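Letter by letter, the chains look like this.
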Amino acid sequence: MFVTLENLTIRYGSITAVDQASAEFPSGAVGLLGRNGAGKSSILRALLGLVLPHAGEMKILDFSPSDFEESRRHIGYMSEKDGYIAGLNGFEMVALAGEITGLPRRDAARRAHEVLYLVGLEEQRYREIAGYSAGMRQKVKLGTALVHDPDILFLDEPTNGLDPKGRKEMLGLIDFLAKDLGKSIILSSHILADVERVCHSVVLLEKGSVVAAGPLSELTRHEVRVFVVDIAGATTSPIEAFERHGALNIEPSGADRYRVTLPEDVGASSLFAAAVDCGAMVHRLVEHKRSLEDVFLGAVKEGIA
Amino acid sequence: MVIHGVRYRPLDYQPTSRWRRGWPIAWNEFRSMFKMRWGMGIFLFILCFVPSLISLGWQFIYHGAYQIDSDVPWIEVVVGRTPRLNPASISFYLDPILRESFWVFMVLTTLVSCRAVAKDRPTDALEIYWTRGISPWGYFLAKWAGSFLLMGTVFIAAPLVVWLVGVAMASDWTQLEDSLWFMPRVMVGLIFMTAVLTYAAVAFSAFSRTPNRSSLIWAFFILGTAAAGRVLSRVFRGEYSWKAIDPWDSSKRLVEWFAGVSPWEDYDPTAAFVCLGVTLALLTIGLYRRLRHVEVIA
């Protein structure tokens with residue numbers, strides 16, 4: 001685990017942004033998911049030592065965020081804000097960020113070239129940042145996060161304001177950093193598809209509380225199988241036929257269309273058998289896979305309840 | 001053939017000390033004067049040296065590098081009538097700074113010092129600085145050091161160079177002997193003044209949301225206190241201590257006090273100390289509120 005939270009509570013005056021959140025972030029890319037205002041950025045800021053938690057504990061590797069000098073050497077932070085240092089070009093800003101973090105001047109300069117090459121800004125590195133596009137600014141922000149070769153990256157909404165091509169490039173980079181360079185990443189986002197694309201685990205937040213957490217494969221795994229079946233020419237009740245063949249739940253969803261839930265150990269062949277039983281023909285059969293969106297919506301619904 | 005590889009590689013480094021981490025911020029601040037559009041900053045910076053350049057020119061004339069054919073020893077006559085033109089006098093080094101450089105102080109502080117922190121707020125740069133290996137106070141001190149360096153080149157280095165050139169050009173050691181007793185005190189005074197005024201200007205910049213607003217408030221503060229000090233000293237019939245509410249005036253008087261110059265007005269340095277001390281204390285208390293990590297979120 002590269003980050004551990006235990007009963008973390010963060011308050012801004014009378015507003016509770018994070019309420020007794022406990023979670024563990026295993027190595028690799030982990031998504032921190034939640035709607036706007038769910039408390040994602042507050043958790044990252046607390047981990048960076050920008051916000052003092054009201055209660056609870058946090059650990060980054062073996063460090064406490066209060067030991068900011070040591071912990072920040074191991075953390076690269078890419079903010080959701082569109083921050084830049086006025087008057088500097090891309091290379092100067094990344095090198096300056098490296099020097100402030102503790103890199104010697106020569107190393108910082110060499111490193112700035114390397115990371116700007118990595119993020120694809122090698123041609124534009126001597127242009128003033130004020131004139132960069134949104135995509136280029138996101139890349140230079142990623143460059144400043146990477147300049148000191150941190151073990152951990154906190155990426156707060158890294159695809160904000162990017163066009164589809166830029167988004168694809170950014171997600172590709174994050175994937176490369178996690179898989180090829182072995183960085184541990186917390187990807188904070190409200191875009192489920194981004195998290196699904198690059199993360200192996202997620203922590204779901206709703207109103208400051210952790211409502212679900214774990215590996216994506218487990219969270220999206222069905223204990224049941226759901227099929228959408230289109231049939232035609234039934235002579236008897238198809239619902240009764242499906243029930244006879246082990247269906248747990250049957251929901252008619254339009255003319256001759258049924259949403260059928262089967263136990264995990266019952267195969268799709270039982271649906272064909274049920275169709276034969278009621279004298280019908282199967283026109284279409286689609287298994288409905290559980291997506292992260294279903295998990296998220298389900299968790300949010302439970303959280304509200 | 002690969003001449004210079006730029007591929008991402010794992011990095012192994014020994015982190016630099018806190019002081020070295022602050023240096024790039026200070027250097028960047030110093031350079032900001034020279035990055036203004038159309039070379040405006042460079043032009044103004046050169047203009048700031050005019051009083052010292054005039055003194056330097058006079059050193060050349062005084063020591064005979066530039067000869068004027070005349071039967072009358074005119075230099076002695078001029079120096080006799082205007083003692084402050086004597087390179088062996090304190091006034092020769094202090095006056096170009098204290099009497100003729102108020103506008104230099106205004107230009108440098110308004111364009112650089114009092115924008116130092118304020119310019120990082122609209123661009124959210126504070127988050128970049130404060131989420132790295134430097135504390136908010138470390139960041140502030142680095143900004144102050146950059147401003148000090150910039151103003152110090154005009155207010156400290158320039159008079160020192162003028163003095164060293166004069167000493168080197170003199171035909172004997174008389175000028176050195178005559179000026180050695182006061183020059184270290186002049187330097188201490190000027191360092192104190194530069195440090196205090198740049199601290200105040202950079203502190204002002206920490207309270208504003210935009211650099212332009214910060215410049216405006218600073219200009220109003222300096223010109224306002226100067227005007228109020230003059231008005232009050234007249235209202236109270238020559239009670240010149242009222243002028244101490246103006247930070248420029250009070251630090252100027254303290255430099256003279258450090259250097260051992262007798263005051264040309266009935267002026268008590270205690271008032272200058274108190275006013276400057278109260279101003280700095282209030283600014284520092286304000287800074288404790290403005291230099292918190294949580295400011296990044298605000």
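Check the entry above for the structure.
All values derive from a computational prediction rather than experimental measurement.

Re the environment of Gly233(A)
Residues and elements named next belong to chain A.
So, point 1. Relative to the helices and strands, Gly-233 resides in the loop between strand 10 (224-232) and helix 9 (238-244).
So, point 2. Residue Gly-233 is classed as exposed on the basis of its C-beta count, with 11 C-beta atoms lying within 10 Å.
So, point 3. Residues Gly-233 and Asp-256, 23 residues apart in the sequence, show an inter-C-alpha distance of 8.9 Å.
So, point 4. Aside from chain neighbours lying at most four places away, what touches Gly-233 is Gly-279, Ala-280 and Met-281.

Concerning the pairing of strand 5 (residues 75-78) of chain A
Residues and elements named next belong to chain A.
So, point 1. Here strand 5 shows a buried face lined by Ile-75 and Tyr-77 and a second buried face lined by Gly-76 and Met-78.
So, point 2. In the sheet, strand 5 pairs with strand 6 (residues 152-156) via four bridges, with the strands oriented parallel. Looking at the pairing, Ile-75 lines up with Ile-152 of strand 6.

Observations concerning the interface of chain B and chain A
For an interface, size is often stated in terms of accessible area lost upon the parts coming together.
So, point 1. Listed per partner, the contact involves 30 residues of chain B and 35 residues of chain A.
So, point 2. When contributions to the side of chain B that touches chain A are tallied by element, the ones reaching two or more residues are helix 1 (18-32) and helix 7 (125-130) of chain B.
So, point 3. Looking at the side of chain B that touches chain A residue by residue, the class counts come to 15 nonpolar, seven polar and eight charged.

Considerations on the sheet that holds strand 6 of chain A
Residues and elements named next belong to chain A.
So, point 1. Spatially, the six strands line up as an open sheet ordered 5-6-7-3-8-9, and their pairing is mixed. Because the sheet does not close on itself, it has two edges, and the strands there are strand 5 and strand 9 (209-215). For this sheet, the mean inter-axis angle between neighbouring strands, taken without regard to orientation, is 15°.
So, point 2. Relative to strand 9, strand 8 (residues 201-206) runs antiparallel, the two sharing six bridges. Its bridge partner being in strand 9, Leu-204 is matched across the sheet by Ala-212.
So, point 3. Helix 6 (residues 164-179) rests against strand 3 (29-34), strand 6 and strand 7 (184-189) of the sheet, and its axis sits at about 150° to strand 7.

Let's talk about the sheet that holds strand 2 (residues 15-25) of chain A
Residues and elements named next belong to chain A.
So, point 1. Read across the open sheet, the three strands follow the order 2-1-4; overall the sheet is antiparallel. Either end of the sheet is taken by a strand with one partner, and the two such strands are strand 2 and strand 4 (55-60). Between one strand axis and the next, the sheet turns by 25° as a mean value, whatever way the strands run.
So, point 2. Each of strand 1 (3-12), strand 2 and strand 4 touches helix 1 (residues 40-47); the most contacted strand, strand 1, lies at about 110° to it.

Structural notes on helix 12 (residues 247-259) of chain B
All names here are of chain B.
So, point 1. In a regular helix each residue adds 1.5 Å, so 13 residues correspond to 18 Å; helix 12 covers 18 Å between its end C-alpha atoms and thus fits that length.
So, point 2. With eleven of 13 residues buried, helix 12 is to be regarded as a mostly interior element.
So, point 3. When helix 12 is considered as a whole, its buried residues turn out to be Pro-247, Trp-248, Asp-249, Ser-250, Ser-251, Lys-252, Arg-253, Val-255, Glu-256, Phe-258 and Ala-259.
So, point 4. Packing partners of the buried residues in helix 12 comprise helix 5 (90-98), helix 6 (102-111), helix 10 (183-206), helix 11 (211-235) and helix 13 (269-290).
So, point 5. Just beyond helix 12, the residue with positive phi is Gly-260, at close to 90°.

The rules behind each value
Residues numbered from 1 in each chain as written. Chains lettered and ligands numbered in written order. Predicted model: local features only at pLDDT ≥ 70, side-chain atom pairs only at ≥ 80, totals over all residues. Helix = DSSP H or I, 4+ residues; strand = E, 2+ residues; numbered from the N terminus. Buried ≥ 20, exposed ≤ 12 C-beta atoms within 10 Å, placed from the backbone. Contact = placed C-beta atoms within 7 Å. Pairing = 2+ DSSP bridges. Nonpolar A, V, L, I, M, F, W, Y, C, P; charged D, E, K, R; others polar. Axes fitted to C-alpha atoms, helices over the stretch in contact; angles between N-to-C directions. Expected span 1.5 Å × (residues − 1).

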